[in-house]
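So the chains spell out like this:
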Amino acid sequence: MFYNSTRNTGLKVTSAEAITQGISAEGGLFVPESIPEITPEEIESLGGMSYPERAAYIFAKYLTDFTEAEIRYCTDNAYSTKNFESESIAEISHLFEGTYMLELWHGPTCAFKDMALQILPYFLTTSAKKINLDKKIVILVATSGDTGKAALEGFKDVEGTEILVFYPEQGVSPMQKRQMKTQEGENVGVCALKGNFDDCQNGVKAIFTNADVKEKLDSASMMFSSANSINWGRLVPQVVYYISSYAELVKDGEITNGEKINIVVPTGNFGNILAAYYAKHMGVPVNKLICASNINNVLTDFINTGVYDRNRKFYATCSPSMDILISSNLERLLYLMTGRNDELIKEWFGKLAAEGRYEVTDDIKAKLKDEFYAGFCDDEQTKAAIHAVYEKYSYTCDTHTAVAVKVYEDYRKETGDTTRTIIASTASPYKFSASVLEAVEGKTSELDEYDMVDRLAELSNIPVPSALADLKNKPERFSDSIESGDMQEYVLRCLGV
Ligand SMILES: *Cc1c(COP(=O)(O)O)cnc(C)c1O
């Protein structure tokens, strides 16, 4: 299996090259040259395997330049009960008859990003070895909260890597800040920036593309790489849990093998739902992919009209990991839907960069409507959904998952479709305790972060994840705070070059 770029179909690289490079030189994203198949018989047999075995089985179809032993090294290290508080790794809970919550947050940072970021460091270091890249890999991350911590936990003490995370001093929740400041590991660094998330992001991009910096790293035998969801190595682990959960439901007799299901995904950068699209096109029987957005509803409009327009107000919501106006992974979807037409992709994404807007062809509009349903809700509706789910089903969900639940309800009302449905549950409710507690109790809480967690534990009967419970007693290791203009110097000093 080789990989092409969405902006250069003629380009052909191995998965090891795609993963180490992260993004293609001309700005496109790497995609496998074909979508491998999974048959009903294979799905049946996956039912009898553990999660790491299922993952290894599916990775073998995509990472054909990896040996079986290399893949097992990655999956066994990433998906063990050392890192996940659930033996099944991706746990399925029942919300109500025929509706399942796919809980992707039993990893070390309590958000679904762990599913990919626990394994990416192993993919990256294995890939680097395969292509004889004898350099230390330096991961630079700009984060608005979840990605930074998940990347830190993934890369901590992974040999041959070093990771530096920048976050906006005033832009993350108190719990997220504690999670990062107390990070353990010998190869990690965390620094606050006096600025907003865009300043972090722009600073990191400027360092990545600075020729001077690159030369300095080169001579010290180091190279930069990226841990965000444009990297194929972050996307392919997400395909696994959709196939795995389908196999699990078949095994449990909840569905018959071949029966179609719906998949609902609370969406931001379009990575998670794109993974579901891949699972569908590999052979998992899917009726509708339901794309749920918060009030930053650029994707809802796009799927419903075929016009992508980022020229709109940006809202900070109680589901912050979905506050995004440019969904990078949409480029991969459109590349596939246009029959791998790199010229059209260059045209549309050129327009997006220049004018913030593009419109797809009628043919693509029809395909979008056929495969997807899209909806959105605001913060008030999100909290109402948390409250209703808690009262009706004694289930406590986080703010992002609640957006998915609300949009799914709208879908059911509108269509009358009662196809069995998997809802991707993307974060532990404890990660957003203040909003969840407010929604459940119907009033703003006066408690501090830790007392809120305790209160939520009383109400929800969900054990507090040890990673969050332990935070209270962990020493803070990182207190640096710098001006955005000083980032480059800071990075070079940390790396000692
Ligand atoms: C990142 C994130 C999302 C959005 O996922 P995408 O792959 O970016 O669409 C949803 N929920 C939570 C909790 C997240 O951290």
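These remarks concern the structure in this document.

## Considering the site of the ligand
So, point 1. Among the 15 residues in the neighbourhood of the ligand, the closest are listed as Lys113, Gly268, Asn269, Asn272 and Thr426.
So, point 2. With respect to the ligand, the side chain of aspartate 146 contributes an N or O atom lying 3.1 Å from an oxygen atom.
So, point 3. Here a nitrogen atom of the ligand and a side-chain polar atom of threonine 426 are 2.9 Å apart.
So, point 4. With the chains in place, 97% of the 380 Å² that the ligand exposes on its own is no longer accessible.
So, point 5. Counted by class, the shell around the ligand contains five nonpolar, eight polar and two charged residues.

## Brief notes about the sheet that holds strand β15 (residues 421-425)
So, point 1. A sheet is described by the order of its strands in space; here six strands give the open sequence β4-β5-β15-β10-β11-β14, paired in mixed fashion. At either end of the open sheet lies a strand with only one pairing partner, and these are β4 (91-96) and β14 (372-376). Ignoring which end each strand starts from, the neighbouring axes of this sheet average 25° apart.
So, point 2. In terms of strand pairing, strand β10 (residues 261-266) meets strand β11 (residues 286-293) through five bridges, oriented parallel. Each residue of the ladder has a partner; that of valine 265, found in β11, is cysteine 291.
So, point 3. Sitting on the sheet, helix α18 (residues 399-415) is in contact with β4, β5 (99-103), β10, β11, β14 and β15, with an inclination near 125° to β11.

## Some remarks on the packing of aromatic side chains
So, point 1. According to the stated counting rule, one finds 21 aromatic pairs in the structure shown.
So, point 2. Look at tyrosine 79 and phenylalanine 84: their rings are 5.9 Å apart centre to centre, the planes differ by 50°, and that puts the pair in the tilted class.
So, point 3. Plain terms: the ring middles of tryptophan 232 and tyrosine 278 are 5.4 Å apart, the flat faces sit at 70° to each other, and that makes the pair edge-to-face. With tryptophan 232 in helix α11 (residues 232-251) and tyrosine 278 in helix α12 (residues 271-282), the pair connects residues that are 46 residues apart, well separated along the chain.
So, point 4. Residue classification places tyrosine 278 among the buried residues on the basis of a relative accessible area of 0%.
So, point 5. Ring pairing ties together the aromatic residues Phe302, Tyr308, Trp348, Phe349 and Tyr358, which thus form one cluster.
So, point 6. Directly above the ring of phenylalanine 2 sits lysine 12, whose terminal nitrogen or CZ lies 4.8 Å from the centroid.
So, point 7. The residue whose ring lies beneath lysine 130 is phenylalanine 66, and the NZ or CZ to ring-centre distance is 5.6 Å.

## Things to note about unusual backbone geometry
So, point 1. At phenylalanine 270, a residue that is not glycine, the phi angle is positive and equals roughly 70°.
So, point 2. Along the chain, phenylalanine 270 turns up in the loop between β10 and α12.
So, point 3. Residue classification places phenylalanine 270 among the buried positions, given a relative accessible area of 1%.
So, point 4. Here serine 394, not a glycine, exhibits a phi torsion of approximately 50°, which is positive.
So, point 5. Residue serine 394 is classed as exposed on the basis of its relative accessible area, which comes to 59%.

## A look at the packing of helix α10 (residues 211-219) against helix α22 (residues 487-495)
So, point 1. Here α10 crosses α22 at 0°, and the two axes come no closer than 12 Å. One way to sum up the angle between α10 and α22 is to call them roughly parallel. Touching Val213, Lys216 and Leu217 of α10 are Gln488, Leu492 and Leu495, all from α22.
So, point 2. Classifying every residue of the contact of α10 with α22 gives four nonpolar, one polar and one charged.

## A closer look at the side chain of asparagine 262
So, point 1. Residue position: asparagine 262 is located in strand β10.
So, point 2. On the basis of relative accessibility, which here comes to 0%, the residue asparagine 262 falls in the buried class.
So, point 3. Among the polar contacts listed, one links the side chain of asparagine 262 to the backbone nitrogen of lysine 288, at a separation of 3.0 Å.
So, point 4. Within polar-contact distance, the side chain of asparagine 262 engages the side chain of threonine 421 at 3.3 Å.
So, point 5. The residues touching asparagine 262, leaving out its near neighbours within four places in the chain, are Asn287, Lys288, Ile290, Tyr411, Asp417, Thr419, Arg420, Thr421 and Ile422.

## What to know about the sheet that holds strand β6 (residues 136-142)
So, point 1. Strand order across the open sheet formed by five strands is β9-β6-β7-β8-β16, with parallel pairing between neighbours. The open sheet is flanked by β9 (222-225) and β16 (481-483), the only strands paired with a single partner. For this sheet, the mean inter-axis angle between neighbouring strands, taken without regard to orientation, is 30°.
So, point 2. Bridging between strand β7 (residues 161-168) and strand β8 (residues 188-194) involves six bridges; their strand directions are parallel. Across the sheet, the residue bridging to leucine 164 is glycine 189, located in β8.
So, point 3. The strands touched by helix α9 (residues 197-208) are β6, β7, β8 and β9; relative to β6, the strand with the most contacts, the crossing angle is about 155°.
So, point 4. This element, α22, spans β6, β7, β8, β9 and β16 of the sheet and lies at about 150° to β7.

## Quick notes on helix α17 (residues 379-393)
Think of an α-helix as turning once every 3.6 residues; residues three or four places apart then point the same way.
So, point 1. With 15 residues, α17 extends 21 Å between its outermost C-alpha atoms, agreeing within 8% with the 21 Å of an ideal straight helix rising 1.5 Å per residue.
So, point 2. Within α17 the residues assigned to the buried category are Thr382, Lys383, Ala385, Ile386, Val389 and Tyr390. The arc enclosing the buried residues of α17, seen along the axis, measures out at 155°, which places them on a common side. Exposed residues on α17 whose side chains face more than 90 degrees from its buried face are Glu380, Glu391 and Lys392.

Scoring rules and cut-offs
Residues numbered from 1 in each chain as written. Predicted model: local features only at pLDDT ≥ 70, side-chain atom pairs only at ≥ 80, totals over all residues. Heavy atoms only, no water. Near = heavy atom within 4 Å. Polar contact = N/O pair within 3.5 Å; in protein donor to acceptor, adjacent residues only side chain to side chain. Areas by Shrake-Rupley, 256 points an atom, 1.4 Å probe, with all protein chains shown as cover. Nonpolar A, V, L, I, M, F, W, Y, C, P; charged D, E, K, R; others polar. Pairing = 2+ DSSP bridges. Helix = DSSP H or I, 4+ residues; strand = E, 2+ residues; numbered from the N terminus. Axes fitted to C-alpha atoms, helices over the stretch in contact; angles between N-to-C directions. Contact = heavy atoms within 4.5 Å. Phe/Tyr/Trp six-rings, centres within 6.5 Å; stacked < 30°, edge-to-face > 60°. Buried < 20%, exposed > 50% of the residue type's maximum accessible area, 1.4 Å probe, protein only. Lys NZ or Arg CZ within 6 Å of the ring centre and 35° of its normal. Parallel < 35°, antiparallel > 145°, perpendicular 65-115°, else oblique. Expected span 1.5 Å × (residues − 1). Arc of directions from axis to C-beta.

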